[in-house]
Amino acid sequence: MTLSTTLEPSLIAWTLAFSATFLMGTSKAGLKGLATFNVTLLALAFGARMSTGLIIPLLIVGDIFAVIYYNRHTQWKYIVKFLPWMLSGILIGVVLGKDLPEQEFKLGMVIVIFISLGLLIWWDKRKSSQIPTHWLFAGPIGIMAGICTMIGNLAGAFTNIFFLAMRLPKNEFVGTAAWLFFITNLFKLPFHIFVWKTITWETLLINIKLLPAIALGLITGVLVVKRINDKNYKRFILIVTGIGAVVMLIR
C-alpha cells in the first residue's frame, strides 16, 4: 500500500493528524508525556510504518524550538551518559524494523505503547529518592529507548524514567531531553530516507501542511506549561493512550 493510497483526503485522517501534530508541539514546548498519544493518532491516520517516517521532520522542527528555548537549562553530563546507549539501540531498531510486515510492525508498536504505559505507571507509583549511578541502569534503558524510538518514536517512557531517576528539576529535565531528542532524531533521519524509505517528497509535502498545527502547539505549550495540573494530566494521557493503542490494534 502506497502512501498516496493510504492518504486519500479524509476528514478523520487529517483531524487525527492535526491533533497529533498540535499535541506534539505542546510536548516539545515542555508538556511531556504526550508522545505515545501522538504516535497512536498518526498511526491511526496514516498507518503504523509510514507514520514513523512522516513524524520525524515534524519532531525535528519541535526539537529546534525546544533546544533554543530551553538550551540554558541543558545538563550535558546526562546526555553524554545516556546517548551512546540510545544510539546503539537505534541501530538495533533499524535492523529489527526494516523488513517487518505492516501488521507485525503495528503489533510491535502497540506492544511498545503498553510497555511504555506500564513503565510510566510503575515509576509514578515508585517513591524511592535514590539516584542510580551504575551503567547497568543507563545501559538497558538507553538501548530500549533507542529501539523504541526507531521502531515507533516511543522513547519517551524510557528517557522519562532515566531523567526522573536523576531527579532533574522541570526546566533541566525539558532542556536536557530537548537536546537528546534533537541529536537522536537527526541520527534516525538517513535511515528513514535511505533504508526504510518512509520519508519521501510526498511525506514532506504532508509535513508542510501540518506545520501550522505544530506551531500552534508550541505556542500553546509555552503558555500552559506552568499551569497544568500534573496529576489529572497524567491520568488523562494514560487513559486515552491505552484506548488509542487498543483501537490501533483492532483497526
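In this report, the structure presented in the accompanying data block is examined. Note that the structure is predicted; figures quoted are calculated from it, not measured.

In total, this model carries 1 salt bridge according to the counting rule given. Here D63 and K28 are joined by a salt bridge, their closest N and O atoms 2.5 Å apart. In this pair, D63 sits in helix α4 (residues 48–70) while K28 sits in helix α2 (residues 11–28), placing the two residues 35 residues apart along the sequence. Across the pair, exposure class does not vary: D63 and K28 are buried alike.

With that settled, consider the nonpolar core. Judged by nonpolar contacts, the single largest core of 51 residues is most densely connected at L42, F46, F162 and F163. Where this core is concerned, the elements lending two or more residues are α2, α3 (35–46), α4, α5 (76–98), α7 (135–152), α8 (156–165), α9 (170–195) and α10 (201–224). What F162 contacts, discounting residues up to four positions off in sequence, is Y78, K81, F82, F137, A138 and I141. By size, the runner-up hydrophobic cluster in this structure holds 9 residues, among which are F105, M150, F191 and W196.

A few words on the packing of aromatic side chains. Applying the stated criterion across every chain, the model contains 8 aromatic pairs. For the ring pair W76 and W179, a centre distance of 5.2 Å and an interplane angle of 50 degrees mean the geometry is tilted. Of this pair, W76 sits in helix α5 while W179 sits in helix α9, placing them 103 residues apart in sequence. For W76, a relative accessible area of 40% corresponds to the partly exposed category. A ring pair is formed by W179 and F182, whose centres lie 5.8 Å apart and whose planes are at 70 degrees; its orientation type is edge-to-face. Within this pair, W179 and its partner F182 are both found in helix α9, separated by 3 residues, close to a single helical turn. The structure contains a cluster of three or more aromatic residues connected by ring pairs, namely W14, F18 and F46.

With that out of the way, let us pick up the packing of α4 against α10. Between α4 and α10, whose axes approach to 10 Å, the crossing angle comes to 40 degrees. The pairing of α4 with α10 is recorded here as oblique in orientation. Seen from above, α4 lies across α10 with right-handed handedness. Of α10, the residues touching α4 (which contributes M50, L54, P57, L58, V61, G62, F65 and Y69) are T203, L204, I206, N207, L210, L211, I214, L218 and V222. A per-class count over the contact of α4 with α10 returns 14 nonpolar, 3 polar and no charged.

Turning our attention to unusual backbone geometry. Even without being glycine, K197 reaches a positive phi, approximately 60 degrees. Among the secondary structure elements, K197 is positioned in the loop between α9 and α10.

Packing of α5 against α9 leaves a shortest axis separation of 10 Å and a crossing angle of 25 degrees. Between α5 and α9, the angle is such that the two are roughly parallel. Relative to α9, the crossing made by α5 is right-handed. Two secondary-structure elements touch here, α5 through W76, Y78, I79, F82, L83, M86, L87, I90, L91, V94 and K98 and α9 through T176, W179, L180, F181, I183, T184, F187, K188, F191 and V195. A per-class count over the contact of α5 with α9 returns 17 nonpolar, 2 polar and 2 charged.

Criteria and thresholds
- Residues numbered from 1 in each chain as written.
- Predicted model: local features only at pLDDT ≥ 70, side-chain atom pairs only at ≥ 80, totals over all residues.
- Heavy atoms only, no water.
- Salt bridge = Lys/Arg side-chain N within 4 Å of Asp/Glu carboxyl O.
- Helix = DSSP H or I, 4+ residues; strand = E, 2+ residues; numbered from the N terminus.
- Buried < 20%, exposed > 50% of the residue type's maximum accessible area, 1.4 Å probe, protein only.
- Core = buried A, V, L, I, M, F, W, Y, C linked by side-chain atoms within 4.5 Å.
- Contact = heavy atoms within 4.5 Å.
- Phe/Tyr/Trp six-rings, centres within 6.5 Å; stacked < 30°, edge-to-face > 60°.
- Axes fitted to C-alpha atoms, helices over the stretch in contact; angles between N-to-C directions.
- Parallel < 35°, antiparallel > 145°, perpendicular 65-115°, else oblique.
- Left-handed = near helix turned anticlockwise from the far one by under 90°.
- Nonpolar A, V, L, I, M, F, W, Y, C, P; charged D, E, K, R; others polar.

Keep in mind these values describe shape, not function.
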